[in-house]
Amino acid sequence: MHKSVLFFCLALTMLSASCSFQKKLQSQDFYSKLIVINDSLDKLTTEWHSLRDQASISKNYAALAPSRIALGAYISRSRSTVANIVTTPEIEQIKNEEDALLLNQSSMVAEVYPNFEQFNEYTPKDIMDKNIGLVSNDLMNEKSKVATIKKMLDVFAAKNKLK
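Residues numbered from 1 in each chain as written. Predicted model: local features only at pLDDT ≥ 70, side-chain atom pairs only at ≥ 80, totals over all residues. Heavy atoms only, no water.

The subject of this paragraph is the overall build of the protein. A count of helical and extended segments in the protein gives 6 helices and 0 strands. Counted from the first residue to the last, the protein has its helices and strands arranged as α-α-α-α-α-α. Evaluated residue by residue, the protein yields a buried proportion of 32% over its 163 residues. In the protein, of all internal contacts separated by at least 6 residues, the share reaching a separation of at least 24 is 79%. (Helix = DSSP H or I, 4+ residues; strand = E, 2+ residues; numbered from the N terminus. Buried < 20%, exposed > 50% of the residue type's maximum accessible area, 1.4 Å probe, protein only. Contact = heavy atoms within 4.5 Å.)

As structure tokens, this is what we get:
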């Protein structure tokens, strides 16, 4: 009788320990994925804007296409990754913010960024100014959203004792 009670207590202890360990692993995985996604998104978006600034000076916009395509492919993969994360009430808001950021950047990459690739030194200034106006706040908005999500992730990490 005592052996079966001891076995039951040991099994119950192992079960509860493994559940909390599994939750910690899921939390760490979520945190790590979103940190990497945000850092890479920020880097690729900044790179595109830097190339666009250089192209405005040199009037050679051909270099923007590979950067835009790489950024678009990265956003597509990242949206898939975020969509496949198991949602818990604790991470739902962060996941929704990340998805909204990726959706916004995806629409910019698909609808606005390609306009610049057709420009050259003969493109009228008013057309150029109109398109530059469409992306003028893009980089700052992206960096602001990434910073907001980073703060949310820092709070999440502190709460769950993640590294």
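What follows is about the environment of methionine 108. Relative to the assigned elements, methionine 108 resides in helix H3 (residues 92-111). Judged by relative accessible area, methionine 108 falls into the buried class, the value being 13%. Measuring from C-alpha to C-alpha, the distance between methionine 108 and valine 135 comes to 8.2 Å, with 27 residues separating the pair along the chain. Not counting residues up to four positions away in its chain, the partners in contact with methionine 108 are Tyr113, Pro114, Leu134, Val135 and Asp138.

Our focus in this paragraph is the nonpolar core. Proteins that are soluble and globular tend to have nonpolar side chains buried together. By size, the foremost hydrophobic cluster in this structure holds 35 residues, and its most contacted members are Phe30, Ile94, Tyr113 and Leu153. Secondary-structure elements contributing two or more residues to this core are helix H1 (2-58), helix H2 (64-83), H3, helix H4 (113-117), helix H5 (125-135) and helix H6 (138-160). Element by element, the count of residues in this core is highest for H1, at 9 residues. (Core = buried A, V, L, I, M, F, W, Y, C linked by side-chain atoms within 4.5 Å.)

Moving on to the confidence of the model for the protein. For the protein, per-residue confidence averages 86 on the pLDDT scale, and residues scoring 70 or more make up 87% of the total. Taking the mean pLDDT of every element in the protein, the minimum, 78, falls on H1 and the maximum, 95, on H2. (pLDDT = per-residue confidence, 0-100.)

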